[in-house]
Amino acid sequence: EYDAQDAGISTGLTLGKITPGVSNMALQDLIVRTDSGQYDITISQDHDLQSGGDTIAGVSGSIASPTAWNEGTTTGLGLTLISGPNLDGKWSAGANYAAIPGSSTSLYTRSSHASSDTIDVIASRLRLDVPGAQAEGIYGNIVTYTATAIP
């Protein structure tokens, strides 16, 4: 994604057609290479998913306190972390989800890695479900991930 954006090629992630009561998921890897071995990944979005005047909000969980996804009951857009080095247990290996915040928020920190020239892969998943009355349309937003080396 970074290389594509840097080259002026638009990128994105499509979840596909959503059927109320059945969540749709998309997997994505967050890949970080750093020579310091320590870093922080932040996440933010420019707005909730929108299509004209219609909006799909995030799930009720937060990055600080993600909540379990209950298929058929949970609605909204959620993010979880599935695997990665020293992954925080609050994610419950991908069972707990958080809304994507509107301002830059720390999602993952790697501070205990001593070696240099490190490549880490943190597996994440976006999940979306809507209530039955949700208007059809093509919904979009911009989600930004930023990895910052910790000296």
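What this report covers is the structure whose coordinates are included nearby. Predicted, not measured: the structure shown is a model, and the values here were computed from it.

Things to note about the sheet that holds strand S6 (residues 76-83)
Strands belonging to one sheet form pairs held by backbone hydrogen bonds; the direction of such a pair is parallel or antiparallel. The three strands lie next to each other as S1-S9-S6, forming an open sheet whose pairing is antiparallel. Edge positions in the sheet fall to strand S1 (24-34) and S6, since each has one partner strand and no second. The mean angle between the axes of side-by-side strands here comes to 25°, regardless of whether they run parallel or antiparallel. Bridge count for S1 against strand S9 (residues 118-129) is 11 bridges, and the pairing is antiparallel.

Looking at the sheet that holds strand S2 (residues 39-45)
Reading across from one edge, S8-S2-S10 is the order of the three strands in this open sheet, with antiparallel pairing throughout. On the outer flanks of this sheet lie strand S8 (105-110) and strand S10 (143-149), each paired with one strand and no other. Ignoring strand direction, the axes of neighbouring strands in this sheet form an average angle of 20°.

Overview of unusual backbone geometry
Leaving glycine aside, a negative phi is the common case for residues, and trans is the common case for peptide bonds. Even without being a glycine, Ser92 presents a positive backbone phi close to 50°. Mapped onto the fold, Ser92 is located in the loop between S6 and strand S7 (96-97). Backbone geometry places Ala93, a non-glycine residue, at a positive phi of 50°. Given the relative accessible area of 60%, Ala93 is considered exposed.

Concerning the packing of aromatic side chains
Tallying each qualifying case throughout the model produces two aromatic pairs. Residues Tyr39 and Tyr108 carry aromatic rings whose centres are separated by 6.1 Å and whose planes lie at 35° to one another, so their mutual orientation is tilted. Of the two residues, Tyr39 sits in strand S2 while Tyr108 sits in strand S8, which places them 69 residues apart along the sequence. Its relative accessible area of 1% is what places Tyr39 among the buried residues.

Structural notes on the nonpolar core
Core analysis: the biggest nonpolar cluster contains 21 residues, and Ile41, Leu81, Leu107 and Ile122 have the highest contact counts within it. Mapped onto this core, the elements with two or more residues apiece are S1, S2, S6, S8 and S9. Look past the residues within four positions of Ile41 in its chain and what remains in contact with it is Leu30, Val32, Thr105, Ser106, Leu107, Tyr108, Ile122, Tyr145, Thr146 and Ala147.

Some points on a nonpolar patch on the surface
On the surface, a cluster of nonpolar side chains totalling about 290 Å² of accessible area is made up of Ile31, Ile119 and Val121. Positionally, Ile31 belongs in strand S1.

Focus on the environment of Thr80
Residue placement: Thr80 occurs in strand S6. On the basis of relative accessibility, which here comes to 0%, the residue Thr80 falls in the buried class. Sequence separation between Thr80 and Ala93 is 13 residues, and the spatial gap between their C-alpha atoms is 8.3 Å. A distance of 2.6 Å separates the side chain of Thr80 from the backbone oxygen of Asn96, its partner in a polar contact.

Criteria and cut-off values
Residues numbered from 1 in each chain as written. Predicted model: local features only at pLDDT ≥ 70, side-chain atom pairs only at ≥ 80, totals over all residues. Heavy atoms only, no water. Pairing = 2+ DSSP bridges. Helix = DSSP H or I, 4+ residues; strand = E, 2+ residues; numbered from the N terminus. Axes fitted to C-alpha atoms, helices over the stretch in contact; angles between N-to-C directions. Buried < 20%, exposed > 50% of the residue type's maximum accessible area, 1.4 Å probe, protein only. Phe/Tyr/Trp six-rings, centres within 6.5 Å; stacked < 30°, edge-to-face > 60°. Core = buried A, V, L, I, M, F, W, Y, C linked by side-chain atoms within 4.5 Å. Contact = heavy atoms within 4.5 Å. Patch = residues over 30% accessible without salt bridge, like charges linked within 9 Å, V, L, I, M, F, W, Y side chains within 5 Å. Areas by Shrake-Rupley, 256 points an atom, 1.4 Å probe, with all protein chains shown as cover. Salt bridge = Lys/Arg side-chain N within 4 Å of Asp/Glu carboxyl O. Polar contact = N/O pair within 3.5 Å; in protein donor to acceptor, adjacent residues only side chain to side chain.

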